[in-house]
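If you want the building blocks of each chain, they are given just below.
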Amino acid sequence: MTTQSDNVLEDIAPGTFDTEVTSGRKNFGKLMTGLVIGCVVVAILPLGSIIFMLLKNGLSRLFQDFPSVFTELPPPPLVDGGGFSNAIVGTLITCLIGALISLPVGILTAIYTIEFGRGNKLSQFVRFCTNVLSGVPSIIAGLFAYGIVVLTMGNFSAIAGGVALSVLMMPIIIRTAEEGLKSIPSEVRQGLVGIGATNFQGVASVILPATLPFIATGATLALARAAGETAPLLFTALFNQFQARSLKEPIATLSVLIYNFAIAPYKNQNELAWAAALVIVALIMTVSVLSRTLTARKVY
Amino acid sequence: MTNPSTRPNPSSATLSEDIVITTENVSIFYGAFQAVRNVYLDIPKNKVVAFIGPSGCGKSTLLRCYNRLNDLIPSARVEGKVTYQNIDLYDPKVDPVEVRRRIGMVFQRPNPFPKSIYENIAFGARVNGYKGDMDELVERSLRGAALWDETKDKLKQSGLALSGGQQQRLCIARTIAIEPEVILMDEPCSALDPISTLRVEDLMHELKQRFTIIIVTHNMQQASRVADYTGFFNAEATEGGSRFGYLVEYDKTESIFNAPKQKATQDYVSGRFG
Amino acid sequence: MTLQTIAHSETLIESSQKFNPVRLVDRIFYWVTVAMAIAIGVILLWITWSLLSIAFPAIAKFNIGFLFSTSWNPVQDSFGALPQITGTIVSSIIALLFAVPLGVGVAVFLSENFLPSKLQTPLAFVVELLAAVPSVVYGMWGIFVLVPFILPGLQTIHNLFGWFPLFSTAPSTRQMFATALVLAIMILPTIIAISRDSLLSVSPQLRQGAYGLGATRWETLVQVIVPSALSGIIGSVMLALGRALGETMAAAMLIGNSNRISASLFAPASTISAMIANQFAEASGLQKSSLFYLALVLMVLTLVVNVLAEIIVSKFQQVE
């Protein structure tokens with residue numbers, strides 16, 4: 001297609017294009033900007049309300065009964081006062097058991113998929129399983145622990161709760177540990193091989209220490225998730241009005257306490273539920289912020 | 001152009017020396033791709049041997065087959081025979097970790113471990129079962145790598161905090177601490193400034209009293225300065241279009257630079273190449 | 001030197017073949033990591049198997065009809081899950097109807113420079129923190145704050161549009177609609193975070209190209225950027241759907257656990273997970289078995305959704 005004129009633009013009849021951005025186009029922009037700002041406002045409202053209500057209802061009870069909420073046991077119905085000391089201890093214990101199971105399994109799995117079998121069939125299979133596992137509804141993790149721990153041991157227990165939580169923590173730990181291992185430059189691995197270190201020596205004394213910030217991040221993220229979980233604990237850890245005396249006994253946790261007390265028809269219980277919710281949210285937020293500062297301390 | 005695959009050992013100059021490593025008809029493959037073809041080459045004891053040649057000629061690949069570093073690449077395969085002290089390095093009975101204890105390596109980019117200067121050296125010795133006085137070994141190794149004076153007051157600092165040249169000398173110290181017999185150096189100065197390069201070269205002269213050194217370099221001046229023997233490698237394209245590397249000539253360094261027997265060597269060392 | 005004598009007094013083969021605890025530890029370590037990697041797969045199979053084995057009596061008795069029956073009668077040992085399955089799907093879909101436009105809108109806002117970056121980063125951080133608020137807290141907020149707040153409005157809607165089946169019952173304090181709203185708020189952070197990531201990963205050249213043609217910011221966004229990030233956005237929606245389907249606490253606290261399928265959104269309903277949470281403690285025999293059957297249905301449902309999400313997101317990563 002040869003044109004008679006050298007300048008293509010000269011061939012365009014005047015008026016083919018608008019000489020300025022039309023008001024219609026401008027208004028479309030304004031409308032859309034207004035719309036997304038509306039979205040932000042609508043999204044912020046409930047989220048802001050949750051935080052406000054937590055502070056309002058939770059703080060008043062915490063201050064009013066300080067420090068007895070942290071030291072006393074949950075009250076029976078129609079009794080005033082009380083606290084949730086056993087639930088705080090229980091949340092810590094179940095999370096700890098979950099971490100004790102999921103950390104070694106998760107870290108060793110990540111070491112396999114990155115250090116030994118990067119890209120091979122088993123690693124791909126593990127990746128698939130990790131993804132599926134992270135999508136498993138938490139209540140199913142609870143049923144699983146019920147099936148394998150509660151039914152075999154014969155009663156509800158802190159151990160069963162920990163097992164249920166470990167299933168939910170596992171994928172988080174595997175993923176962050178894999179990220180950390182991937183961040184180690186391959187030159188370091190070559191250097192290790194070059195001085196005649198075995199894989200174990202290299203991983204244990206150089207690679208894993210350098211990955212530690214990532215693993216700490218993964219562990220805190222996993223703990224933050226586990227601390228808030230309720231559904232997996234309902235039929236594993238169950239609940240306990242008192243301090244559990246052994247890991248083989250049912251144990252109280254903050255999240256189950258919130259559930260029980262929020263749906264209870266007693267004002268005192270409802271108030272305690274708000275206070276417990278504030279405690280657990282504050283705990284989770286602290287841990288989440290902490291995990292961010294940990295990742296900032298990268299070695300490489 | 002002569003066909004390199006039919007040529008036997010292109011060097012006879014080394015035969016009079018005490019030989020540590022022999023390379024007999026070695027070819028190295030990555031999957032179906034042949035990276036190095038039919039190399040015959042002997043490494044004499046307590047000498048510095050340099051491998052030079054254009055990039056892609058397989059000199060680094062060959063170097064890495066001496067401490068079985070190519071084992072880390074799943075598709076890599078070595079054919080032919082490599083011996084160290086008359087033992088086939090690729091004998092199934094030989095443990096590659098054991099090989100790397102005796103044949104140490106310094107890499108292209110300095111790669112100190114994320115540990116203190118002291119630990120960088122102590123770690124290698126410890127994994128290799130050293131039970132002597134660690135402080136003394138660290139000092140001796142750092143002195144051996146000409147790094148002691150600069151670091152003696154900050155041994156607890158991270159090795160990563162050193163400058164590039166110091167890091168590379170730390171890696172050399174780390175290698176000599178495990179008392180290998182042979183040290184492989186894969187373009188050890190390519191990431192360093194000229195002054196640091198000079199220090200590492202001076203170091204090599206001292207180190208060859210105790211170690212046999214094989215160095216890969218793309219810097220001909222460096223080869224002529226440090227090496228007793230030099231092997232010139234070249235790359236050639238096959239009919240399929242892929243390139244393979246081969247050894248063109250291997251001789252005393254003076255001969256390679258002053259009186260090369262092959263035209264390709266002559267072209268390369270006189271700068272008429274590529 | 002000690003080291004030197006060890007290294008050089010014997011040949012390579014001798015030292016290689018000598019019993020060496022260091023090498024033994026290394027081999028054991030390798031096999032332990034292999035075992036752990038395999039364990040991840042085993043756990044997944046174990047979960048499925050433990051559900052299956054306990055659910056087996058119910059599967060054998062009710063077969064596929066379980067999915068289409070509405071009866072849940074522990075006295076007569078007759079169980080069916082249709083109300084729970086419908087409730088799960090309907091509540092999740094309503095949640096998506098609210099959360100997707102809202103979430104994508106916020107994601108667009110946070111990925112563009114509407115705000116100075118000093119404000120934008122904390123805002124994005126707050127959104128991420130909200131993903132960490134436990135679902136039981138959302139549920140409690142729903143009971144004490146949201147339901148009392150929306151009830152008068154819902155009553156008005158019922159008064160005006162009561163002839164329309166969706167609004168045909170007077171709003172109950174435990175109901176489908178409020179549950180779906182809380183679910184929507186819960187999945188909002190997921191949608192915002194992943195959609196924002198995929199919007200931010202659109203190549204700046206595309207944007208410059210569109211600007212270079214004289215397109216306005218919003219023409220570029222609507223016609224170039226959002227379509228390029230679409231697979232990532234859809235992936236985020238699928239992941240959020242997976243979360244909504246499996247969510248237990250908010251539904252258990254808010255939906256009312258009615259075993260009837262009602263056309264009205266203002267009536268109590270039930271979901272799979274809420275049903276399990278509510279009935280498990282008192283269930284035994286065939287009822288417990290039926291609850292495990294329900295859990296299996298939920299597992300399959302979320303698995304399908306998550307695998308689809310996985311495929312969509314990985315496609316988006318390939319394009320990237």
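Everything quoted here is computed from the prediction, not taken from an experiment.

Trainee: Which residues make up the overall build of chain A, and what are the values?
Mentor: The helix and strand inventory of chain A stands at 11 helices and zero strands. Starting at the N terminus, the α and β elements of chain A follow one another as α-α-α-α-α-α-α-α-α-α-α. Relative to its length of 300 residues, chain A is extended, with a C-alpha radius of gyration of 28 Å against a globular reference of 19 Å. Each principal axis of the C-alpha atoms in chain A carries an extent, and together these give about 95 × 65 × 35 Å. In chain A, which comprises 300 residues, the proportion classed as buried is 51%. Sequence-distant contacts, at least 24 apart, represent 74% of the contacts inside chain A between residues at least 6 apart.

Trainee: Residues and numbers for the overall build of chain B, please.
Mentor: Across its full length, chain B holds 10 helices and 10 strands. Taken over C-alpha atoms, the radius of gyration comes to 19 Å for chain B, in line with the 19 Å a tight globule of 274 residues would show. Taking the principal axes of the C-alpha coordinates as reference, chain B spans close to 55 × 40 × 35 Å. By residue count, 52% of the 274 residues in chain B fall in the buried class. Sequence-distant contacts, at least 24 apart, represent 71% of the contacts inside chain B between residues at least 6 apart.

Trainee: Run through the pairing of strand β2 (residues 33–44) of chain B, naming residues and quoting values.
Mentor: On a regular strand, one side chain projects to one face of the sheet and the next to the other, so that they alternate. All names here are of chain B. For β2, the tally of buried residues reaches nine of 12 residues, placing the bulk of the element in the interior. Alignment of strand β1 (residues 19–30) against β2, held across eight bridges, turns out to be antiparallel. Looking across to β2, one finds that I21 is bridged to I43. Hairpin geometry of β1 and β2 is characterised by an intervening segment of two residues between the two adjacent antiparallel strands and by a positive phi of about 60° at G31.

Trainee: Report on the packing of helix α3 (residues 85–116) of chain A against helix α3 (residues 21–62) of chain C, specifying residues and quantitative values.
Mentor: Interaxial distance between α3(A) and α3(C) falls to 8 Å at its minimum, and their mutual angle equals 110°. Of the possible angle classes, the one that applies to α3(A) and α3(C) is roughly perpendicular. Contacts from A:V105, A:L108, A:T109, A:I111, A:Y112, A:T113 and A:F116 of α3(A) reach α3(C) at C:Y30, C:V32, C:T33, C:V34, C:M36, C:A37, C:A39 and C:I40. For the contact of α3(A) with α3(C), the class distribution of residues is 12 nonpolar, three polar and no charged.

Trainee: Kindly report on the UniProt feature "transmembrane region" (unreviewed entry) in chain A, identifying the contributing residues and their values.
Mentor: Feature annotation in UniProt places "transmembrane region" (unreviewed entry) on residues 35–55, 87–113, 125–149, 155–174 and 272–290 of chain A, given in this structure's numbering. The distance separating the terminal C-alpha atoms of residues 155–174 of chain A is 30 Å; by composition the span is 85% helix and 0% strand.

Trainee: Describe the interface of chain C and chain A, naming the residues involved and giving the relevant values.
Mentor: Of the residues lining the interface, 62 residues belong to chain C; the matching set on chain A comes to 64 residues. Split into classes, the residues belonging to the side of chain C that touches chain A amount to 44 nonpolar, 13 polar and five charged.

Trainee: Help me get a handle on the environment of C:S111, residues and values and all.
Mentor: All names here are of chain C. Locating S111 in the fold gives a position in helix α4 (residues 82–111). Judged by the 23 C-beta atoms lying within 10 Å of it, S111 falls in the buried class. Note: C-alpha distance between S111 and L44 (67 residues apart in sequence) is 37 Å. Apart from the residues within four sequence positions on either side, S111 is in contact with R196, L199 and L200.

Trainee: Hey, could you go over the UniProt feature "domain: ABC transporter" (unreviewed entry) in chain B for me, with residue numbers and the actual values?
Mentor: According to UniProt, the "domain: ABC transporter" (unreviewed entry) feature falls on residues 21–260 of chain B. The annotated region residues 21–260 of chain B carries 34% helix and 30% strand content, and the separation between its end C-alpha atoms amounts to 24 Å.

Trainee: Explain the nonpolar core to me, using residue names and the numbers behind them.
Mentor: Across soluble globular proteins, nonpolar side chains show a tendency to be buried alongside one another. The biggest cluster of nonpolar side chains holds 274 residues, and the ones touching the most others in it are A:I258, A:A276, A:A277 and C:A295. For this core, the leading source of residues is helix α7 (residues 176–200) of chain C, giving 16 residues. Residue assignment places this core across two domains, with domain 1 (2–61) and domain 2 (65–319) of chain C each supplying three or more. Those residues in contact with A:A277 that sit more than four places away from it in its chain are A:L54, A:G58, A:I258, C:V137 and C:M140.

Trainee: Lay out the interface of chain B and chain A in plain terms, naming residues and giving numbers.
Mentor: Facing 20 residues of chain B, the contacting portion of chain A comprises 15 residues. Classifying every residue of the side of chain B that touches chain A by side-chain character gives 11 nonpolar, five polar and four charged.

Trainee: Please set out helix α10 (residues 230–246) of chain C residue by residue, giving values where relevant.
Mentor: Between the first and last C-alpha of α10(C) there are 24 Å, a value that for 17 residues agrees with the 24 Å anticipated at 1.5 Å per step. Of all 17 residues that make up α10(C), 16 are buried, and the element is covered over most of its length.

Trainee: Report on unusual backbone geometry, specifying residues and quantitative values.
Mentor: If you check the backbone angles, A:L78 has positive phi at about 65° while not being a glycine. Residue class for A:L78 comes out exposed when judged on the 9 C-beta atoms lying within 10 Å of it. With a phi close to 50°, C:N257 is a non-glycine residue in the positive phi region. Mapped onto the secondary structure, C:N257 falls in the loop between α11 (249–254) and α12 (272–279).

Trainee: Tell me about the pairing of strand β3 (residues 48–52) of chain B, residues and numbers included.
Mentor: Residue and element names in this part refer to chain B. Counting buried positions along β3 gives five out of five residues, so the element sits mostly inside the fold. A two-sided burial pattern is seen for β3, the buried positions comprising V48, A50 and I52 on one face and V49 and F51 on the other. For β3 and strand β8 (residues 212–216), the ladder comprises four bridges, and the chain directions are parallel. When the sheet's bridge partners are listed, A50 is paired in β8 with I215. Pairing between β3 and strand β9 (residues 229–237): four bridges, direction parallel.

Trainee: Which residues make up the confidence of the model for chain B, and what values go with them?
Mentor: All names here are of chain B. Averaged over every residue, the pLDDT of chain B is 86; the share at 70 or more is 93%. The least confident element of chain B, judged by mean pLDDT, is helix α10 (residues 263–269) at 86; the most confident is β8 at 94. For the stretch residues 1–14, pLDDT sits under 50, and the model shows 19 contacts to residues farther than four places along the chain or on other chains. Reported confidence for the predicted complex is 0.88 by ipTM and 0.86 by pTM.

Trainee: Talk me through the environment of A:Q190; I want residue IDs and the actual numbers.
Mentor: Mapped onto the elements of the fold, A:Q190 is located in helix α7 (residues 186–194). For A:Q190, the contacting residues outside a window of four places in its chain are B:L69, B:F107 and B:N111.

Trainee: Tell me about the environment of C:S198, residues and numbers included.
Mentor: By secondary structure assignment, the location of C:S198 is in helix α7. Residue classification places C:S198 among the buried positions, given that 26 C-beta atoms sit within 10 Å.

So, how was this worked out
Residues numbered from 1 in each chain as written. Chains lettered and ligands numbered in written order. Predicted model: local features only at pLDDT ≥ 70, side-chain atom pairs only at ≥ 80, totals over all residues. Helix = DSSP H or I, 4+ residues; strand = E, 2+ residues; numbered from the N terminus. Rg over C-alpha atoms; globule rule 2.2 N^0.38 Å. Buried ≥ 20, exposed ≤ 12 C-beta atoms within 10 Å, placed from the backbone. Contact = placed C-beta atoms within 7 Å. Pairing = 2+ DSSP bridges. Axes fitted to C-alpha atoms, helices over the stretch in contact; angles between N-to-C directions. Parallel < 35°, antiparallel > 145°, perpendicular 65-115°, else oblique. Nonpolar A, V, L, I, M, F, W, Y, C, P; charged D, E, K, R; others polar. UniProt positions renumbered as here; feature names shortened; annotations may be inferred. Core = buried A, V, L, I, M, F, W, Y, C linked by C-beta atoms within 7 Å. Domains from an automatic or database assignment. Expected span 1.5 Å × (residues − 1). pLDDT = per-residue confidence, 0-100.

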